[in-house]
Amino acid sequence: MHQEHDMRPILKHPLNVRIFHYILLLSFLPLAATGLLLFFKPLSQEGMQLTYDVHIIAGIVMALDAVAFTIMAFDRVVQFIARVFSFSGRDVKWFMVLGGYPQKFLLGKKVPIPPMNKYNSGQKLFGACVLIGGTVLILSGLVLWLIPHAAPRDIVWFLGQAHLVSGLVLTAFLPVHLFLAVYRFDDFKAMMIHGNVPYHDAAEYTPLWVKNEIAPVATNGEQLTSK
């Protein structure tokens with residue numbers, strides 16, 4: 001079978017990862033929207049109070065989702081951290097051409113891209129921002145919500161600024177992440193629906209992952225999974 005027509009599924013995102021991602025997405029979208037409203041304050045006092053309440057509820061949901069997934073899938077969290085914080089010359093070369101996306105979208109041409117592992121360099125950068133920024137959002141949000149008057153004023157001010165910057169950075173990343181996720185539709189379906197990517201898609205975009213980590217599943221010999 002030619003590689004470009006190889007439709008064998010590779011399990012890239014297992015069920016627990018997909019559930020975590022669903023809850024993360026459904027909590028962060030209202031967090032981002034209400035966060036911008038709280039920053040610009042365009043509504044009446046009643047509207048701003050409702051916005052604040054929605055922001056708090058969505059923040060609690062996101063925090064519980066993150067804590068639950070860390071406890072129940074700690075090995076995957078450790079593996080994800082190791083992946084997104086790895087760095088090599090391939091990442092430098094990827095960023096020099098921005099993954100070839102500007103050339104493809106603006107000029108309609110394809111440029112050589114260094115071989116990637118399970119996540120490309122842009123996904124690794126976004127993942128690192130989510131890990132760091134999400135942690136900052138959760139911890140600072142808890143202090144600002146529960147004990148804003150008990151904590152020292154300077155610490156509260158610093159946490160407020162950290163909360164604002166982290167939220168703005170992740171919100172700015174969001175439209176790019178959503179656009180590229182839909183553009184890579186096989187990967188989008190893997191994360192949002194069934195967890196699998198076709199072999200040919202993985203071999204094209206993540207050849208190092210396919211080469212180093214994919215192994216046959218012992219069930220029917222047709223599906224593949226990562227180590």
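Thresholds applied
- Residues numbered from 1 in each chain as written.
- Predicted model: local features only at pLDDT ≥ 70, side-chain atom pairs only at ≥ 80, totals over all residues.
- Heavy atoms only, no water.
- UniProt positions renumbered as here; feature names shortened; annotations may be inferred.
- Helix = DSSP H or I, 4+ residues; strand = E, 2+ residues; numbered from the N terminus.
- Buried < 20%, exposed > 50% of the residue type's maximum accessible area, 1.4 Å probe, protein only.
- Contact = heavy atoms within 4.5 Å.
- Areas by Shrake-Rupley, 256 points an atom, 1.4 Å probe, with all protein chains shown as cover.
- Core = buried A, V, L, I, M, F, W, Y, C linked by side-chain atoms within 4.5 Å.

Looking up the chain in an unreviewed UniProt entry gives the name Cytochrome b/b6 domain-containing protein, with the organism given as Shewanella cutis. Of the chain, the UniProt comment under Subcellular location (unreviewed entry) reads exactly: "Cell membrane".

## Examining the overall build of the chain
A count of helical and extended segments in the chain gives ten helices and four strands. When its helices and strands are written in sequence order, the chain yields β-α-α-α-α-α-α-α-α-β-α-α-β-β. Seen through its principal axes, the chain has C-alpha atoms that stretch 65 × 45 × 30 Å. Classification of the 227 residues of the chain by burial places 36% in the buried group. The contacts in the chain between residues at least 6 apart in sequence include a share of 70% that link residues at least 24 apart. Put simply, the chain shows about 13,700 Å² of open surface, and 71% of that area lies on carbon and sulfur atoms.

## Here we look at the side chain of Ser27
Tracing the chain through its elements places Ser27 in helix α1 (residues 15-40). Once you skip the residues sitting within four places of it in the chain, Ser27 turns out to touch Ala58, Val61 and Met62.

## Structural notes on unusual backbone geometry
At Lys41, a position not held by glycine, the phi torsion is positive, near 50°. In this structure, Lys41 sits in the loop between α1 and α2 (45-72). On the accessibility criterion, Lys41 (57% relative accessible area) is exposed. Located in the positive-phi region is Leu98, a residue other than glycine, with phi close to 50°. Along the chain, Leu98 falls in the loop between α4 (89-97) and α5 (101-107). The class for Leu98 is partly exposed, based on a relative accessible area of 45%.

## A few points about the nonpolar core
In terms of nonpolar packing, the biggest core is built from eleven residues, these being Phe28, Leu31, Ala32, Ala58, Met62, Ala63, Cys129, Leu137, Ile138, Leu170 and Leu174. Those elements that provide at least two residues to this core are α1, α2, α6 (121-146) and α7 (153-183). Excluding residues that lie within four positions of it along the chain, Ala58 makes contacts with Ser27, Pro30 and Leu31. Ranked by size, the runner-up nonpolar core spans nine residues in total, among them Ile10, Ala190, Ala202 and Ile214.

## Notes on the UniProt feature "domain: Cytochrome b561 bacterial/Ni-hydrogenase" (unreviewed entry) in the chain
The sites that UniProt annotates as "domain: Cytochrome b561 bacterial/Ni-hydrogenase" (unreviewed entry) are residues 13-184. The distance separating the terminal C-alpha atoms of residues 13-184 is 15 Å; by composition the span is 80% helix and 0% strand.

## Concerning the side chain of Arg184
The topology assignment puts Arg184 in the loop between α7 and α8 (185-194). Apart from residues lying up to four places away in sequence, Arg184 is in contact with Tyr101, Asp201 and Tyr205.

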